Amino acid sequence: MQHLRLAFGFLTVTKPILFMLNEGGIKQASNLCPDPGEPENGKRIGSDFSLGATVQFSCDEDYVLQGSKSITCQRIAEVFAAWSDHRPVCKVKTCGSNLQGPGGTFTSPNFPFQYDSNAQCVWVITAINNNKVIQINFEEFDLEIGYDTLTIGDGGEVGDPKTVLQVLTGSFVPDLIVSMSNQMWLHLQTDESVGSIGFKVNYKGSF
Ligand SMILES: [Ca+2]
């Protein structure tokens, strides 16, 4: 029995599914997820790793979160506990700015010339008046399709998957994108090769 217990502890970490198949009759269930750690240049909020618990992540100033902002410890295959997603990473911001209403125009870096590779640009637009929402429309838009993306979200929690309104790539864009709150965030991510002209966008606060 001692031997079995040791084997269980080891296998839950490395090969949980294999173990399930081999030793399916054992009823000992794990109710704890492994320590998810903290992202470099960021931190984790929450230290409960038990089943059903959720922990959140945030990045230091001047870094932008990639991945899930919060993950939940879930039951997997009846006896195992695992996080709903990987720990996110914090990438250093390379460009972008905070903008305020009533309106204006901004562009991707170097526009109308090619934007940089490995860019992580973040813009947050805030309407001066709390009752207003943000609306944006693109005058020009072209990103390397499938590899460079502009993610647009509602509110000020940059990168939070729950707030994403659109993920744009290539050259197709909707006519108008409107937030639900008085803030909107835009996150440009480019990969290590091949660029394009990027975008020029007009924004304004509207009732
Ligand atoms: Ca690219």
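Residues numbered from 1 in each chain as written. Predicted model: local features only at pLDDT ≥ 70, side-chain atom pairs only at ≥ 80, totals over all residues.

The name an unreviewed UniProt entry gives the chain is CUB and sushi domain-containing protein 3-like protein, with Willisornis vidua as the organism.

Let us look at the overall build of the chain. Within the chain, the secondary structure is distributed over two helices and 15 strands. By the burial criterion, 26% of the 207 residues in the chain qualify as buried. Sequence separation of 24 or more characterises 67% of the internal contacts of the chain that already satisfy a separation of 6 or more. (Helix = DSSP H or I, 4+ residues; strand = E, 2+ residues; numbered from the N terminus. Buried ≥ 20, exposed ≤ 12 C-beta atoms within 10 Å, placed from the backbone. Contact = placed C-beta atoms within 7 Å.)

What follows is about unusual backbone geometry. Pro-112 follows Phe-111 through a cis peptide bond whose omega is 5°. Structurally, Pro-112 is set in the loop between β8 (103-107) and β9 (120-126). Positive phi is not limited to glycine here, since Asn-41 has a value of about 65°. Within the fold, Asn-41 resides in the loop between α2 (16-22) and β1 (42-45). Located in the positive-phi region is Glu-78, a residue other than glycine, with phi close to 70°. Accessibility expressed as a C-beta count within 10 Å gives 9 for Glu-78, which makes it exposed.

With that settled, the discussion passes to the confidence of the model for the chain. Within the chain, residue pLDDT values average 87, and 86% of them lie at 70 or more. The low-confidence segment residues 1-25, where pLDDT is below 50, has twelve contacts with residues more than four positions distant or belonging to other chains. (pLDDT = per-residue confidence, 0-100.)

Looking now at the sheet that holds β1. One open sheet accounts for four strands, arranged β1-β2-β4-β5; its pairing is antiparallel. The open sheet has two edge strands with one neighbour each: β1 and β5 (80-83). Sheet twist, expressed as the average angle between the axes of neighbouring strands with direction ignored, equals 25°. Strand direction decides the pairing type here: strand β2 (residues 54-59) and strand β4 (residues 70-76), joined by three bridges, are antiparallel. Across the sheet, residue Gln-56 finds its bridge partner in β4, namely Ser-70. (Pairing = 2+ DSSP bridges. Axes fitted to C-alpha atoms, helices over the stretch in contact; angles between N-to-C directions.)

Within strand β11 (residues 149-154), five of the six residues are buried, which leaves it mostly tucked inside the rest of the structure. Sheet topology places β11 next to strand β14 (residues 183-189); six bridges connect them, and they run antiparallel. Among the inter-strand pairings, Ile-152 is bridged to a residue of β14, identified as Leu-186. Of the strand pairs in this sheet, β11 and strand β12 (residues 164-168) are connected by four bridges, and their pairing is antiparallel.

Next up on the list: the sheet that holds β9. Taking strand neighbours across the sheet as the criterion, the five strands line up as β7-β9-β14-β11-β12 in an open arrangement whose pairing is mixed. Edge positions in the open sheet fall to β7 (98-100) and β12, since each of these has one partner strand only. Geometrically, the sheet is characterised by an average inter-axis angle of 15° between neighbouring strands, direction not taken into account.

Here the focus is the nonpolar core. Membership of the largest hydrophobic core comes to 29 residues, with the highest contact counts inside it found for Val-122, Trp-123, Leu-150, Met-184, Trp-185 and Leu-186. If one sorts the elements of this core by residue count, β9 sits on top with five residues. Residue-level mapping places this core at the junction of two domains, with at least three residues from each of domain 1 (2-92) and domain 2 (98-206). (Core = buried A, V, L, I, M, F, W, Y, C linked by C-beta atoms within 7 Å. Domains from an automatic or database assignment.)

With respect to the helices and strands, Asn-137 occurs in strand β10 (residues 133-142). Among the residues examined, Asn-137 registers 14 C-beta atoms within 10 Å and is labelled partly exposed. For the pair formed by Asn-137 and Lys-200, sequence separation is 63 residues and the distance between their alpha carbons is 8.8 Å. Contact partners of Asn-137, with chain neighbours within four places excluded, come to Asp-175, Leu-176 and Asn-202.

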